[in-house]
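Residue-level structure breakdown
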Amino acid sequence: MMDWTDRHCRFFHRLLSRRARLYTEMVTTGALLHGDVPRHLRYNAEEHPLALQLGGSEPAELAQCARLGEQWGYDEINLNCGCPSERVQRGAFGACLMAEPALVADCIKAMLDAVALPVSVKHRIGIDRTDNYAFVRDFVGALHLAGCRTFIVHARNAWLRGLSPKQNRELPPLRYAMVHQLKADFPDCTIVLNGGISNSEQVQAQLQQLDGVMLGREAYHRPWWLSDWDVQFFGETPMARSREQVEAQMVDYMLRQSQQHGTTWYPIARHMLGLRQGLPGARRWRQVWSDHRLKGQDPREVMALAHGAQLALA
Ligand SMILES: Cc1cc2nc3c(=O)[nH]c(=O)nc-3n(C[C@H](O)[C@H](O)[C@H](O)COP(=O)(O)O)c2cc1C
């Protein structure tokens, strides 16, 4: 998720689940081919399994970027065919690509030829007011022919005109049945459902019919939920970490980032503000960790303040 799931966020999430697959923010081919590659592709070794999401619509450029992703050690390349923003439409990628399955198929082929990694697609169930299943079935069918086997389906249309990206995550109705139908029609594919899932019961229900669930906003805002996932969905032993231990590990990470890259704790801490949600004192804890006046402080001191130590700023 743009501006949310950066490498600091992913490092934090990995402290909560060993098994969940993490995805980068969308990185455009333009940003990689003409911009600062390390800035966009750098990540922490702990983040695996990790997928790089690309935005673009030019097969040769996507192939080159997929190769970069492979060189940097990503585990999967994902193509964004779900973003409805007007900026993205002007670049002719994101959700508007669903109207051009032949072009997307060429993109997939080019990427699959370029790398040994799995190449997946994240898409919607339709664009604008189309509500016939045949539209998404034919889109998936064309990519299946091109060799794609993993589809992450945000189960609502993207309305390309008149709605902001934020409204496009709320307004068009969710239609999970269409995703279930895709699994029935493409049983050899990994079909992952996305959109509007907010608790483990809903995840379990979808896993009865589908191969996976992708979680966005709820996971970001209520990160402690992730600490149930390894046990509930992957049959693993719990990590046996408390919230306080996770916070302390984040503080160690903040200190390392400061030494290695000169990053202050502030842009790192913003991702963990939901960690104590629902606990007594959560509000004060969140206020301290989001207080920009403390930016220059050592994060160990900020943690102490967040847990009630008296303010002792010079
Ligand atoms: C702030 C924000 C940024 C997002 N950026 C991306 C993105 O870069 N790529 C993408 O495929 N989806 C992006 N999305 C959409 C989410 O991945 C997801 O499809 C959507 O929020 C629905 O899932 P949810 O109900 O679990 O949040 C973004 C969503 C939000 C809230």
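About the criteria used
Counting from 1, residues in each chain are numbered in the order their sequence is written. Side-chain atom pairs in this predicted model are given and counted only at pLDDT of 80 or more, local residue features only at pLDDT of at least 70, and totals for whole chains, interfaces and linings cover all residues. As a rule here, side-chain values cover all heavy atoms of the structure and leave hydrogens and water aside. Strands are treated as partners if at least two bridges between them are detected by DSSP. Only DSSP runs of H or I covering at least 4 residues are called helices, and only runs of E covering at least 2 are called strands; the numbering of each starts at the N terminus. Lines fitted to C-alpha atoms define the axes here, with helix axes fitted over just the stretch in contact, and angles between the N-to-C directions of these axes take values from 0 to 180 degrees. For this analysis, residues touch if any pair of their heavy atoms sits within 4.5 Å. Residues are counted as near a molecule or strand when any one of their heavy atoms sits within 4 Å of it. We define a polar contact as two N or O atoms separated by no more than 3.5 Å, with the added condition that, inside protein, one atom must be a possible hydrogen donor and the other a possible acceptor, whereas residues neighbouring each other in sequence contribute only through side-chain atom pairs. All accessibility values rest on the Shrake-Rupley procedure with a 1.4 Å probe; residue burial counts only the protein chains present in the view. As a working rule, the residues Ala, Val, Leu, Ile, Met, Phe, Trp, Tyr, Cys and Pro are called nonpolar, Asp, Glu, Lys and Arg charged, and the rest polar, with Gly in that last group. Just so you know how the angles are binned, under 35 degrees is roughly parallel, over 145 roughly antiparallel, 65 to 115 roughly perpendicular, and the rest oblique. Two helices crossing with the near one rotated counterclockwise from the far one by less than a right angle form a left-handed crossing, whereas a clockwise rotation gives a right-handed crossing. Remark: exposure states derive from per-residue accessible area (1.4 Å probe, protein chains only) relative to the maximum for the residue type, with buried under 20%, exposed over 50%, and partly exposed in between. Note: the arc covers the axis-to-C-beta directions of the helix.

We now examine the sheet that holds strand β6 (residues 190-194). Spatially, β1-β2-β3-β4-β5-β6-β7 is the arrangement adopted by the seven strands of the open sheet, whose pairing is parallel. Strand pairing shows two members of the sheet lacking a second neighbour, β1 (22-28) and β7 (212-214), which therefore form its edges. If you compare each strand with its neighbour and ignore which way they point, the axes differ by 25° on average. Pairing of strand β3 (residues 76-81) with strand β4 (residues 119-124) involves five bridges; the strand directions are parallel. Paired with Asn78 across the strands is Ser120, a residue of β4. Running at roughly 165° to β3, helix α6 (residues 101-114) makes contact with β2 (50-55), β3 and β4 of the sheet.

Taken together, 15 residues are adjacent to the ligand, and Met2, Gln53, Asn194, Gly196 and Arg217 come closest. One nitrogen or oxygen atom from the main chain of Met26 is found 3.2 Å from an oxygen atom belonging to the ligand. Measuring from an oxygen atom of the ligand, one finds a backbone N or O atom of Gly216 at 2.9 Å. Burial of the ligand by the surrounding chains reaches 89%, relative to a free accessible area of 610 Å². Its residues assigned to classes, the shell around the ligand shows five nonpolar, seven polar and three charged.

Further remarks concern the packing of helix α14 (residues 282-289) against helix α15 (residues 299-306). Geometry of a packed helix pair, given as the angle between the helix axes and the separation of the axes. It is the contact of α14 with α15, at a shortest axis distance of 8 Å, that shows an interaxial angle of 155°. By the angle between their directions, the pair α14 and α15 is classed as roughly antiparallel. Here α14 runs over α15; the crossing is right-handed. Residues Arg284, Trp285, Val288 and Trp289 of α14 form the contact with α15, whose own contacting residues are Pro299, Val302, Met303, Leu305 and Ala306. For the contact of α14 with α15, the per-class residue count stands at eight nonpolar, no polar and one charged.

Checked against the element boundaries, Leu68 lands in helix α4 (residues 59-71). Considering only alpha carbons, one finds Leu68 and Leu41, 27 residues apart in sequence, at a separation of 8.6 Å. When near neighbours in sequence (up to four residues on either side) are disregarded, Leu68 contacts Leu32, Val37 and Leu41.

Across the six residues that make up β2, a large majority, six, are buried. What you see with β2 is no split at all: Leu50, Leu52 and Leu54 on one side and Ala51, Gln53 and Gly55 on the other are buried throughout. Pairing geometry for β1 and β2, over five bridges, is parallel. When the sheet's bridge partners are listed, Met26 is paired in β2 with Gln53. In terms of strand pairing, β2 meets β3 through four bridges, oriented parallel.

All right, on to helix α1 (residues 7-14) then. Burial runs high along α1: eight of the eight residues are buried. Within α1, burial applies to Arg7, His8, Cys9, Arg10, Phe11, Phe12, His13 and Arg14. Where α1 is buried, its residues touch β1, β2, α10 (217-221), α11 (226-234), α12 (243-261) and α13 (266-269).

Moving on: helix α9 (residues 200-207). Those residues of α9 that fall on the buried side of the exposure criterion are Ser200, Val203 and Gln206. Considered in projection along α9, the buried side chains sweep an arc of 125° and stay on one side of the axis. For α9, the secondary structure elements touched by its buried residues are α8 (176-185), β6, β7 and α11. Of the residues that open α9, the one with a side-chain oxygen 3.1 Å from the backbone nitrogen of Glu201 is Asn199.

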